[in-house]
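# Remarks on the overall topology
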Amino acid sequence: MKEAVFTFFSLFTLLTAAGVILSRNIIYSAFNLVLCFFGLASLYLLWGATFLSMIQILIYAGAIVVLFVFVVMLLNFEKPTEQKTRFSIIVLSSAGVWTLALILLRVLSKSLGEIPSLETPAKASVRTISKLLFSQYLWPFEVLTVFLLALIVGIFVLARPEKEETP
Amino acid sequence: MILAEKLTSMAYWSHFVSIALFALGLLGFLTRRNALIVLMSLELMLNAVNLLLVQISMRTGTSEGIVLVVFVITVAAAEVAVGLGIILNLYRMKKTVDLGSFRNLSG
């Protein structure tokens, strides 16, 4: 039963990810991205990372994709302005990418297959994560908060509309 | 033993899923020319790495991978915000988001 659900959500995630990169209309890409993030959140849930699946839905599906859709609305395309990619580039890059994927699969299944799996799936509770975050990873956490503050200022400078009159 | 075998095979297939997701993201990154879809492909690649981190940390029973994924999600959100700001400015300059049309620096 668990395998069936796992297979379903894996296929769902992969198909919607293919939809993101294949669809011509960018709004379809954005909504495929939402579906892909929901599939990933269900995969996290199946692996037992409940907190992360919540975070995934809140931040990725809730905030990031909304940002994308908002920018698409702001840009206001009348017609698709994207030119076709040359066929040779598509063929070459897909060959390279799938070769890379095969190599990665081989390496990962070699090196990570020897990790002994637990009999009962582990539970990553919020308590464990927050204890780690505020003891062992306190310094990166604080750096991240300062980074977010700098980000807010940077975005404000970057996306500010140009002034019409210059003094 | 049968349970262990099943778990290892499931681990194998979950590796396959995250690598395939990464490959799809990389393919979109290399072949599409719309800047917004390139950013979405970047998100797909980051999510593939997140999925692999979650799987490994759940299989070994440690929580460090989860903490790392929280950091990755934060930085990814920041990256999208900066990227979209840059794309907005580029669109104001050129009235297009096709990556092939930004050739000011290529001489």
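How each quantity is defined
Residues numbered from 1 in each chain as written. Chains lettered and ligands numbered in written order. Predicted model: local features only at pLDDT ≥ 70, side-chain atom pairs only at ≥ 80, totals over all residues. Core = buried A, V, L, I, M, F, W, Y, C linked by C-beta atoms within 7 Å. Buried ≥ 20, exposed ≤ 12 C-beta atoms within 10 Å, placed from the backbone. Helix = DSSP H or I, 4+ residues; strand = E, 2+ residues; numbered from the N terminus. Contact = placed C-beta atoms within 7 Å. Axes fitted to C-alpha atoms, helices over the stretch in contact; angles between N-to-C directions. Parallel < 35°, antiparallel > 145°, perpendicular 65-115°, else oblique. Nonpolar A, V, L, I, M, F, W, Y, C, P; charged D, E, K, R; others polar. pLDDT = per-residue confidence, 0-100.

### Quick notes on the nonpolar core
The biggest cluster of nonpolar side chains holds 58 residues, and the ones touching the most others in it are Leu21(B), Leu36(B), Val54(B) and Ile66(B). Elements supplying a minimum of two residues to this core: helix H1 (2–22), helix H2 (26–47) and helix H3 (50–75) of chain A together with helix H1 (2–31), helix H2 (35–60) and helix H3 (64–94) of chain B. Top contributing element to this core by residue count: H2(B), with 14 residues. With near-sequence residues (within four places) excluded, Val54(B) lies in contact with Tyr44(A), Trp47(A), Ala49(A), Leu52(A), Gly65(B), Ile66(B) and Val69(B).

### A few points about the environment of Leu67(A)
Secondary-structure assignment places Leu67(A) in helix H3. Take Leu67(A): there are 17 C-beta atoms within 10 Å of it, and that puts it in the partly exposed class. Taking the C-alpha atoms as reference, Leu67(A) lies 18 Å from Ile21(A); in sequence the two are 46 residues apart. Apart from residues lying up to four places away in sequence, Leu67(A) is in contact with Val80(B), Ala81(B) and Leu84(B).

### With respect to the packing of H2(B) against H3(B)
All names here are of chain B. Taken N-terminus to C-terminus, the directions of H2 and H3 make an angle of 175 degrees; their axes are 9 Å apart at the nearest point. The angle between the axes of H2 and H3 places the two elements in the roughly antiparallel class. Contact with H2, carried on its side by Ala35, Leu36, Leu39, Glu43, Leu46, Asn50, Leu53, Val54, Ile56 and Ser57, involves Glu64, Gly65, Ile66, Leu68, Val69, Val72, Ala76, Val80, Gly83 and Ile87 of H3 and no other residues of that element. Looking at side-chain class alone, the contact of H2 with H3 contains 14 nonpolar, four polar and two charged residues.

### Some words on the interface of chain A and chain B
Taken residue by residue, the interface counts 67 residues in chain A and 62 residues in chain B. For the side of chain A that touches chain B, the secondary-structure elements that each account for two or more residues are H1, H2, H3, helix H4 (87–112), helix H5 (126–135) and helix H6 (138–159) of chain A. Here the side of chain A that touches chain B gets 13 residues from one element, more than from any other, and that element is H4(A). Here the residues of the side of chain A that touches chain B are counted per class, giving 51 nonpolar, 14 polar and two charged.

### Remarks on the confidence of the model for chain A
A low pLDDT means the predicted coordinates there should not be read in detail. Looking at chain A as a whole, its pLDDT mean stands at 85, while 86% of the residues score no less than 70. Highest mean pLDDT in chain A belongs to H2(A) (92); lowest belongs to H4(A) (87).

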